[in-house]
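If you want the building blocks of each chain, they are given just below.
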Amino acid sequence: MRRSLLPNMPRAMLFSLRGTLPVLDLDGQRIVDSTRIVEELERRYPERALYPEDEQERRRALELEEFFDEQAGHDLRRVAFVELREDPDFVSAFITTGRGQATRRIYRTLLRSSWSMAYANRRYRLTAEGAARSRVKLREALDRITAELQPSGYLVGSAFSIADLTAASLLFPLAWPTELQYDYPEAPDSPFMHSFQEHPAIDWIRDIYARHRGATAEIVG
Ligand SMILES: N[C@@H](CCC(=O)N[C@@H](CS)C(=O)NCC(=O)O)C(=O)O
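All figures in this text were calculated on a predicted structure; none of them were measured in a lab.

1. Brief notes about the overall build of the protein
- A tally of regular secondary structure across the protein gives 11 helices and 4 strands.
- By principal-axis analysis of the C-alpha atoms, the protein measures approximately 50 × 45 × 30 Å.
- Looking at the 221 residues of the protein, the share that counts as buried comes to 37%.
- In the protein, 67% of the contacts between residues at least 6 apart in sequence involve partners at least 24 apart.
- Surface summary for the protein: the accessible area is close to 13,300 Å², and the carbon and sulfur share equals 53%.

Take a look at the structure:
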């Protein structure tokens, strides 16, 4: 069963004071952080492995996972936050996807308040200089995808692995694949996001979604 903490602002905000999303509750155990979640799922369900079997390939795949998760993912969020903080209408529509107008209005009001902006700017250290650095690093992350690609079309070895999953899913907003499981509102035009459209890694992200985006568990609550 999959549960969304958003839109459930008080619960999500309280949670985010302590940790990040996603979170997996499994047999009474709470696992925070996607790296640890996948680790546990690999242990329990080895038949659908995301870690390559070969020792060297596994190390390589985990290195790439670490890079996209701990660097590129944060760069993408930072740039998106900074670009979108002037657009509370889109952000409220985005985070309330699938919910009614009333919820959306509440979010819009919250996001327009100066304290919520101050909180976000402080918590995520959002500055124009930081965003400029992250824009450069995002392009490097896309270049890294093309540089690492193997003849198989995957980042490591001959099969889909944790490396492909992490890179494609964290950078999805640059590619907006048609297989996204939500009916998101159309993103506002952003010259920066647009500037990537010719990058070959964008097609790679779309292709990974087309081939590997499985059916998703229904969201409850
Ligand atoms: N390394 C973490 C990063 C997760 C992360 O930053 N998640 C974002 C949402 S996509 C988050 O929870 N941000 C809330 C916060 O940092 O307060 C993971 O892979 O789980």
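The rest of the description comes next.
2. Digging into the site of the ligand
- Leu 21, Ser 34, Asp 69, Arg 123 and Tyr 124 are the nearest of the 12 residues found near the ligand.
- Contact between the ligand and Asp 69: an oxygen atom at 2.9 Å from a side-chain N or O atom of the residue.
- Arg 77 places a side-chain nitrogen or oxygen 3.3 Å from an oxygen atom of the ligand.
- Coverage of the ligand by the protein chains reaches 78% of its 510 Å² of free accessible surface.
- Considering every element that reaches the shell around the ligand, the biggest residue donor is helix H3 (residues 55–84), with 4 residues.

3. Re unusual backbone geometry
- The residue after Leu 21, namely Pro 22, is reached through a cis peptide bond having omega 5°.
- As for its position among the elements, Pro 22 is in the loop between helix H1 (9–18) and strand E2 (23–26).
- Positive phi, normally seen in glycine, also occurs at Asp 33, with a value near 100°.
- Structurally, the position occupied by Asp 33 is in the loop between strand E3 (29–32) and helix H2 (34–44).

4. Remarks on the nonpolar core
- If you look at the biggest cluster of nonpolar residues, it comprises 37 residues, and the most contacted ones within it are Phe 68, Leu 142, Ile 145, Leu 155 and Leu 171.
- Within the residue set of this core, elements represented by two or more residues are H3, helix H7 (128–148), helix H8 (162–170), helix H9 (172–175), helix H10 (191–194) and helix H11 (200–212).
- Broken down by element, this core gets its largest block of residues, 8 residues, from H3.
- Each residue touching Phe 68, except ones within four places of it in the same chain, is listed here: Gly 73, Ala 141, Ile 145, Leu 155, Thr 166, Ala 167, Leu 170 and Leu 171.

5. Things to note about the packing of helix H5 (residues 101–112) against helix H6 (residues 114–123)
- Where H5 contacts H6, the axes come no closer than 4 Å and their chain directions differ by 70°. Overall, the two elements H5 and H6 adopt an arrangement that is roughly perpendicular. Here H5 contributes Leu 110, Leu 111 and Arg 112 to the contact with H6, which in turn contributes Ser 114, Trp 115, Ser 116 and Met 117.
- Here the residues of the contact of H5 with H6 sort into 4 nonpolar, 2 polar and 1 charged.

6. Concerning a negative patch on the surface
- Taken together, the side chains of Glu 53, Asp 54, Glu 55 and Glu 57 present a region of like negative charge at the surface.
- In this structure, Asp 54 sits in the loop between H2 and H3.
- Classification of Asp 54 as partly exposed rests on a relative accessible area of 40%.

7. A look at the domain arrangement of the protein
- In terms of domain boundaries, the protein breaks down into domain 1 (1–48), domain 2 (52–85 + 133–216) and domain 3 (87–125).
- Look at where the C-alpha atoms of domain 1 and domain 2 centre, and you get two points 21 Å apart.
- Taken together, the 5 residues of domain 1 in the interface contact 7 residues of domain 2.
- Between domain 1 and domain 2 the total buried area reaches about 390 Å² when both faces are included, carbon and sulfur atoms providing 33% of it.
- Interface area lost by domain 1 to domain 2 is led by Arg 2, Thr 35 and Val 38, which between them contribute 82%.
- Counting the contacts that link domain 1 with domain 2 gives 0 salt bridges.
- A per-element tally of the side of domain 1 that touches domain 2 places H2 first, with 3 residues.
- Class assignment of the residues belonging to the side of domain 1 that touches domain 2 gives a composition of 1 nonpolar, 2 polar and 2 charged.

8. Looking at the side chain of Glu 148
- Its location among the elements puts Glu 148 in helix H7.
- The residues touching Glu 148, leaving out its near neighbours within four places in the chain, are Arg 60, Leu 64, Tyr 154 and Leu 155.

Scoring rules and cut-offs
Residues numbered from 1 in each chain as written. Predicted model: local features only at pLDDT ≥ 70, side-chain atom pairs only at ≥ 80, totals over all residues. Heavy atoms only, no water. Helix = DSSP H or I, 4+ residues; strand = E, 2+ residues; numbered from the N terminus. Buried < 20%, exposed > 50% of the residue type's maximum accessible area, 1.4 Å probe, protein only. Contact = heavy atoms within 4.5 Å. Areas by Shrake-Rupley, 256 points an atom, 1.4 Å probe, with all protein chains shown as cover. Near = heavy atom within 4 Å. Polar contact = N/O pair within 3.5 Å; in protein donor to acceptor, adjacent residues only side chain to side chain. Core = buried A, V, L, I, M, F, W, Y, C linked by side-chain atoms within 4.5 Å. Axes fitted to C-alpha atoms, helices over the stretch in contact; angles between N-to-C directions. Parallel < 35°, antiparallel > 145°, perpendicular 65-115°, else oblique. Nonpolar A, V, L, I, M, F, W, Y, C, P; charged D, E, K, R; others polar. Patch = residues over 30% accessible without salt bridge, like charges linked within 9 Å, V, L, I, M, F, W, Y side chains within 5 Å. Salt bridge = Lys/Arg side-chain N within 4 Å of Asp/Glu carboxyl O. Lys, Arg positive; Asp, Glu negative; His and termini not counted. Charge placed at Lys NZ, Arg CZ, Asp CG, Glu CD. Domains from an automatic or database assignment. Buried area = accessible area lost by both parts, 1.4 Å probe.

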